[in-house]
Amino acid sequence: MNNLPKLDRFNENVLSKYQIYNSIFTTLPFDTIDDTGVLLPLLHKVCKKGFDLEKNPTEIVEHFFKKYQENPSEKEKADLLFRFIQFIERQVVLFDAIEDAAFPVVNNMDGFGSLRASKESANLSNKKEELKAYLEDFKVRVVLTAHPTQFYPGSVLGIITDLDKAIQEDDLLLIRKLLAQLGKTPFYKKEKPSPFDEAVSLVWYLEHVFYHSVPKIYNYIQHHIYDGKPIDNEIIDLGFWPGGDRDGNPFVTTKITLDVAERLRQTILRSYYRDVRRLKRRFTFDGVQEILVRVEKRLYKHVVRSYTKVNFSQKILLEELYAAREIIVNEHQGLFVEELNDFINKVRIFGFHFATLDIRQDSRVHHQAFTQIVKDLQAQGDKTFPKNYLNLSEEEQVTILSSIKGSIDPSILTDEVSVKTIESIYALKTIQQRNGERGANRYIISNNQTALNVMETFAMLNLCGFENELPVDVIPLFETVEDLINAEDVMRTLYSNKTYRYHLSKRKNKQTIMLGFSDGTKDGGYLMANWGIFKAKEALTRISREFDIEVIFFDGRGGPPARGGGKSHQFYASLGPTIENKEIQLTIQGQTISSNFGTKNSSQYNLEQLLSSGIKNDVFTKDQLNDTHRELIEDMAATSYQAYVDFKKHPKFLPYLEKMSTLKYYAKTNIGSRPSKRSNSDTLDFSQLRAIPFVGSWSQLKQNVPGFFGVGTALKKYEDAGRFDEVIEFYNASDFFRTLLENSMMSLTKSFFGLTAYMADDPEFGEFWKLIFAEYETTKRLLLKLTGHSELMENFPVGKASIEVREQIVLPLLTIQQYALKKIQELQKSERKGKEIEIYEKMVMRSLFGNINASRNSA
């Protein structure tokens, strides 16, 4: 089977099976969708033919009703369209499950980018010792975030898992039953989830996927690269944002933060408890059985009885396990010791925290809170801050903040924001006491602009009673183009501060810096954001090395290329020696979690790809841009940036998003707990708009503007000047530039302008739509010319095939969405704003989910 070309394996194991199981699905009798399975293929046929004939969505839907329904009422039309939406959502789930089940067959688990391939490359090139030395320090940290792009409830996740297994085993009877169950299981969340609900959803992946895939990778490295010797490095760390990410989410309270940390602790101890019970069946020997019984009882107290005393820790558990191993080796000939070693590795990797809960807040909120804290302390007669502190220069304030220490009582504070901020820090302390330091030891400052932003956070942490050294990493997040340019000066100021530098010396001389691809792209466009982050990383690497500090870059990457996603492992493999690369840290969010890490196989594969990208970049190849290439990308980024800025300044830019896209409906869905914008204003302020609904709205329009706008303009400049050969040479020579453009091609592949072609005739937005379409056409034409391909993603046939199937599944859904949006516009113009408009608004909201999940990396 694996000898077949990859595309043939996909067609045989994914496409063919989908056609078979979908035919079963369409004939199943459901309570609410009796004839839907018969009518939906007819709608799909009408949609496809209609768009080929350049019909608009309204004409297509009305033609369907005229041809296949006898004079339906408006209510009957709406009911059938809602049933279609429900059905298509489940078709997407079916395709997901089939693709997941076929993952190890379609993808070569031991092929290029796997650890086995890296090990064999090292052996062949006599670099095994170099590889071992590199892995002693190198880490990958995957941070799970619950942004509003993932909506599968736990019940559906369970069905997907069971379907995956049944499909692998070709159990047709069970598949049929599970498809029937899928048809009867509600997808739609009637209430908005709390941050705790979001956390519970993601903990499912930790418990059922990462708990198995991460140790498997670790064990492989230990046995096959280190020849069974111990490794003093976890290699893979897990991070967690739900419950700790307060940025723009007023629903994250101190109680939720503590509850999520406890849920993480309970989940990992419950997993240990199950493993210990299994180990007891193996180790029935004298001396070992007693230790395992003792460990089982202690875990039982903390899991089943929720024991509140903190008298059990990772250190204590490991001491017990090491003692058991010594007895097994010395007295029982090492019988089954590999199973105990596997469990020991799990405890070393996951500790009592499972994943590190990051705390995050916006610098502007911090500044407001800190200013009020100073005023409240001064009003109490406290001498911590001089009376004129708030009137001092930023430099003078930074000096004072360096020496701040204390234990502030939140009850004396008069401002709610100040109280919540200080309480979140005290919660961090509590989590460290219960879960260990790794339970919560990172504080991220989003929208970080100055050194003062960092030092205010540093001071607030020091005002919360931490004795001796501060066991927390303070992490600035630079997001906008301007902030990326200023990042080097900000870090120079911090590194030059003796107190902060001493703090870093106690944190292993490491400084983590987060860079935001999402807001960077929203602010500066695709090319400028990516090149701006690349240059910022180079500058931050230089300044950190100058101060003997190892900088760690934490990338805020979304699912799609427009938010730093796409083929992430190729991106990391393309970074050269001018960028520090001892660790890869990145956020994984929304439906990208389920698509890339939703099963043990896909999780192992993608984690290995990330590990291997770092190995490739450091051990095997060092792709470095030369001066000519730098001049090219600098000029192209500047050209595309200007095109994107002019586009944003277009008078119809915001009105188009408000009136012609699904933007305002993101806030009304119950997908995520976080609001779609940072402010409560009724008017749309671009600076307050979050990147997810911004990028997602373009994705729903099938225009994917943030992933390509400006790229075509930049390339055309070189074509017009007769210098296109220089760009072709750059593309062929640089992994970085090639990866950048390949990810942009993915955005183009997921675009379908035929869906919204009717907008070209709109009296208000026609010219604006034509502007977008012209840039799309230019970008597509020149990328094909650059690559020498006849179609987009030609060199990634399986990825292309998967996208094509998904886009075909949701074509009727997209058509229904546009039909509903058009109906809303007509009703608003006629000032009929009763129940009818509510029905179509609900239709738009319901259609969001299937499109999001079908795209897998749409926002």
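Residues numbered from 1 in each chain as written. Predicted model: local features only at pLDDT ≥ 70, side-chain atom pairs only at ≥ 80, totals over all residues. Heavy atoms only, no water.

Observations regarding the overall build of the chain
No. 1: Each helix and strand in the chain was counted, giving 35 helices and 9 strands.
No. 2: What you see for the chain is a C-alpha radius of gyration of 28 Å, in line with the 29 Å of a compact globule of 859 residues.
No. 3: Expressed as lengths along the three principal axes of its C-alpha atoms, the size of the chain is roughly 75 × 70 × 60 Å.
No. 4: Across the 859 residues that make up the chain, the buried fraction comes to 61%.
No. 5: Across the chain, the fraction of contacts at a sequence separation of at least 24, relative to all contacts at a separation of at least 6, is 81%.
No. 6: Total accessible area computed for the chain in this model is approximately 33700 Å², and 49% of it derives from carbon and sulfur atoms. (Helix = DSSP H or I, 4+ residues; strand = E, 2+ residues; numbered from the N terminus. Rg over C-alpha atoms; globule rule 2.2 N^0.38 Å. Buried < 20%, exposed > 50% of the residue type's maximum accessible area, 1.4 Å probe, protein only. Contact = heavy atoms within 4.5 Å. Areas by Shrake-Rupley, 256 points an atom, 1.4 Å probe, with all protein chains shown as cover.)

Examining the packing of helix α8 (residues 154-168) against helix α9 (residues 172-184)
No. 1: Relative orientation of the contacting elements α8 and α9 amounts to 160 degrees, with a least axis distance of 9 Å. Taken together, α8 and α9 sit at an angle that is classed as roughly antiparallel. Judged by the sense of rotation from one axis to the other, the crossing of α8 with α9 is left-handed. Each of Ile159, Asp162, Leu163, Ala166 and Ile167 in α8 lies in contact with α9, whose residues at this interface are Leu174, Ile175, Leu178, Leu179, Gln181 and Leu182. (Axes fitted to C-alpha atoms, helices over the stretch in contact; angles between N-to-C directions. Parallel < 35°, antiparallel > 145°, perpendicular 65-115°, else oblique. Left-handed = near helix turned anticlockwise from the far one by under 90°.)

Notes on the side chain of Thr257
No. 1: By the element assignment, Thr257 lies in helix α11 (residues 254-282).
No. 2: The class for Thr257 is buried, based on a relative accessible area of 0%.
No. 3: Leaving out residues up to four positions away in the same chain, Thr257 has contacts with Gly243, Gly244, Arg246, Val252, Leu357, Ile359, Ala427 and Ile431.

Observations regarding a negative patch on the surface
No. 1: A cluster of acidic side chains, namely Asp286, Glu290, Glu326 and Glu331, defines a negative patch on the protein surface.
No. 2: Positionally, Asp286 belongs in the loop between α11 and α12 (288-303). (Patch = residues over 30% accessible without salt bridge, like charges linked within 9 Å, V, L, I, M, F, W, Y side chains within 5 Å. Salt bridge = Lys/Arg side-chain N within 4 Å of Asp/Glu carboxyl O. Lys, Arg positive; Asp, Glu negative; His and termini not counted. Charge placed at Lys NZ, Arg CZ, Asp CG, Glu CD.)

Focus: the pattern of salt bridges
No. 1: Using the criterion set out here, one finds 53 salt bridges in the structure.
No. 2: Residue Glu89 is joined to Arg90 by a salt bridge in which the shortest nitrogen-to-oxygen separation is 3.6 Å.
No. 3: On the basis of relative accessible area, Glu89 is assigned to the buried category, the value being 2%.
No. 4: By relative accessible area, Arg90 is classed as buried at 2%.
No. 5: Connected through salt bridges with shared partners, the residues Lys139, Arg141, Glu234, Asp237 and Arg438 form a single ionic network.

Topic: the packing of helix α18 (residues 451-462) against helix α19 (residues 481-496)
No. 1: Axis separation between α18 and α19 bottoms out at 8 Å; the angle between their running directions is 45 degrees. Accordingly, the angle class assigned to the pair α18 and α19 is oblique. Judged by residue contacts, Ala451, Val454 and Met455 of α18 engage Val490, Thr493 and Leu494 from α19.
No. 2: Split into classes, the residues belonging to the contact of α18 with α19 amount to 5 nonpolar, 1 polar and no charged. (Nonpolar A, V, L, I, M, F, W, Y, C, P; charged D, E, K, R; others polar.)

Notes on helix α32 (residues 735-749)
No. 1: With 15 residues, α32 should reach 21 Å at 1.5 Å per residue; the first-to-last C-alpha distance of 21 Å fits that figure.
No. 2: The buried count for α32 comes to 13 of 15 residues, which makes it a mostly enclosed element.
No. 3: Among the residues of α32, the N-terminal cap falls to Ser734, whose side-chain oxygen and the backbone nitrogen of Phe736 are separated by 3.3 Å. (Expected span 1.5 Å × (residues − 1). Polar contact = N/O pair within 3.5 Å; in protein donor to acceptor, adjacent residues only side chain to side chain.)

Focus: the pairing of strand β8 (residues 550-556)
No. 1: By the criterion of burial, β8 is predominantly enclosed, with 7 of the 7 residues buried.
No. 2: Bridge count for strand β7 (residues 510-516) against β8 is 7 bridges, and the pairing is parallel. The residue bridging Thr512 from the neighbouring strand is Ile552, located in β8.
No. 3: Sheet analysis places β8 next to strand β9 (residues 583-589), joined by 2 bridges and oriented parallel. Bridge pairing links Asp555 to Leu586 in β9. (Pairing = 2+ DSSP bridges.)

Structural notes on helix α31 (residues 724-733)
No. 1: Every buried residue of α31 is listed here: Phe724, Val727, Phe730 and Tyr731. Burial along α31 is one-sided: seen end-on, the buried residues are contained in an arc of 115 degrees. More than 90 degrees from the buried face of α31, the exposed residues found are Asp725 and Asn732.
No. 2: Residues of α31 that are buried make contact with α26 (627-649), α30 (711-720), α32 and α33 (766-787). (Arc of directions from axis to C-beta.)

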